[in-house]
Amino acid sequence: LIVAAAATLKSDYSASKLTSIGEISDAFTAEIGVTAGRTVFGLGIMGAAMVAMVVLSCAAAWGLGEVAGYPKSLDMSIHDAPSFYAALGGCVLMANVAVLVCSDSDLVSISIGVTVIDALLLLPVLGFLFLLARGALPEDVRLKGAKMWVYGGIFAMTVGLAWGCAVLSLAI
């Protein structure tokens, strides 16, 4: 989204010309000024990073809880689920250490790699959610009929778009 926004802000830039963080930042600053551009860009990056940190850390801690069998929920207090919160904190700590240790070029490569993996994993995730919505939900809210076909089509288009973007990001 940030690349697309930067590319549309200034006609001198196209998405294919934006190959580094600096170029994306420059596309923002060229249109709305240095201070505002860097502020908007920085807040966008910071917001995306914070969302990713929360989602990935919680998912990893929850997944470890599934395997290890310990209580896992953000609804529980730290006293009720100490292993979950320890795993959550450990994930956040490891991510921070990785950012401090890696160079800028490594972080860009890691970011691209994680994004491609996310896109590839979208098919099984949405596929299982679709199957659950068709079979595991109570009968009155279960996906069926035209609604099932609409959601199935939206899921298929979403996966196709994500996989197409993943292939394009690897080609650039």
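No experiment lies behind these values; they were computed from the predicted model shown. Chains are numbered independently. Their residues run from 1 in the order of the written sequence. Confidence filtering applies because this is a predicted model: local features only for residues at pLDDT of at least 70, side-chain atom pairs given and counted only at 80 or more, and all residues used for totals across whole chains, interfaces and linings. Hydrogens are left out, water is left out, and the side-chain values use all remaining heavy atoms of the structure.

Moving on, we come to the overall build of the protein. Counting from the N terminus, the helices are DSSP H or I runs at least four residues long and the strands are E runs at least two residues long. The helix and strand inventory of the protein stands at 6 helices and 0 strands. Order of helices (α) and strands (β) in the protein, N terminus to C terminus: α-α-α-α-α-α. With a 1.4 Å probe rolled over the protein chains alone, any residue whose accessible area is under 20% of its type maximum counts as buried; one over 50% counts as exposed, and the rest are partly exposed. Taken across its 172 residues, the protein has 17% of its residues classed as buried. The contact rule is simple, with two residues in contact once any of their heavy atoms fall within 4.5 Å. Sequence separation of at least 24 residues holds for 30% of the intrachain contacts in the protein that already meet a minimum separation of 6. In these tables, accessible area is a Shrake-Rupley quantity obtained with a 1.4 Å probe, and a residue counts as shielded only by the protein chains included in the view. Here the protein displays about 11,600 Å² of accessible surface, and carbon together with sulfur accounts for 73% of that area.

Moving on, we get to the pattern of salt bridges. Opposite charge on two side chains makes pairing possible when the charged atoms of those side chains draw close. We define a salt bridge as a side-chain nitrogen of Lys or Arg found within 4 Å of a carboxyl oxygen belonging to Asp or Glu. Tallied over the full model, the rule gives 3 salt bridges. Linking lysine 72 and glutamate 66 is a salt bridge whose minimum nitrogen-to-oxygen distance equals 3.2 Å. The class for lysine 72 is partly exposed, based on a relative accessible area of 24%. Relative accessible area serves as the criterion here: at 45%, glutamate 66 is assigned to the partly exposed category. Here lysine 144 makes a salt bridge to glutamate 139, at a shortest N to O gap of 2.8 Å. Given the relative accessible area of 47%, glutamate 139 is considered partly exposed. It is possible to trace a salt-bridge network through shared partners that takes in Glu139, Arg142 and Lys144.

What counts as an axis is a line fitted to C-alpha atoms, over the stretch in contact for a helix, and the angles between N-to-C directions run from 0 to 180 degrees. In contact at an axis separation of 7 Å, helix H2 (residues 21-32) and helix H3 (residues 34-68) are set at 135° when each is read in the N-to-C sense. When the axis of H2 is compared with that of H3, the two are oblique. H2 and H3 meet at a crossing whose hand is right-handed. For the pair formed by H2 and H3, the contact residues are Ile21, Ile24, Ser25, Phe28, Thr29 and Ile32 on the first element and Val34, Ala36, Gly37, Arg38, Val40 and Phe41 on the second. For classification, angles of less than 35 degrees are called roughly parallel, those exceeding 145 degrees roughly antiparallel, those between 65 and 115 degrees roughly perpendicular, and all remaining angles oblique. It is the rotation of the near helix from the far one that decides the hand of a crossing: anticlockwise by less than a right angle makes it left-handed, clockwise makes it right-handed.

Attention now moves to the nonpolar core. Here, nonpolar core means buried Ala, Val, Leu, Ile, Met, Phe, Trp, Tyr and Cys residues that are tied together by side-chain atoms lying within 4.5 Å of each other. Counting 7 residues, the largest nonpolar core is built from Cys58, Ala61, Tyr70, Ala81, Phe84, Ala87 and Leu88. Put simply, the parts of the chain that give this core at least two residues each are H3 and helix H4 (82-101). Ranked by residue count, the leading element in this core is H4, at 3 residues. Apart from residues no more than four positions distant in its own chain, tyrosine 70 is found in contact with Ala61, Leu64, Gly65, Ser83, Phe84 and Ala87.

Once that is clear, we can look at H3. With 35 residues, H3 extends 50 Å between its outermost C-alpha atoms, agreeing within 8% with the 51 Å of an ideal straight helix rising 1.5 Å per residue. Turning to H3, its buried residues are Gly37, Phe41, Ser57, Cys58, Ala61 and Gly65. Taken from the residues just after H3, glycine 69 is the one with a positive phi, measuring 85°. In this scheme, a helix's expected span is set at 1.5 Å multiplied by one less than its residue total.

With that settled, the discussion passes to the packing of aromatic side chains. For Phe, Tyr and Trp, where Trp contributes only its six-membered ring, two rings pair if their centres lie within 6.5 Å, and the inter-plane angle classes them as stacked under 30 degrees, edge-to-face over 60, or tilted in between. Within this structure, the stated rule accounts for 2 aromatic pairs. When the ring of phenylalanine 84 is compared with that of tyrosine 85, the centres are 5.2 Å apart and the planes differ by 75°; the resulting orientation is edge-to-face. A residue is classified by how much of its surface remains accessible, and tyrosine 85, at 21% relative accessible area, is partly exposed.

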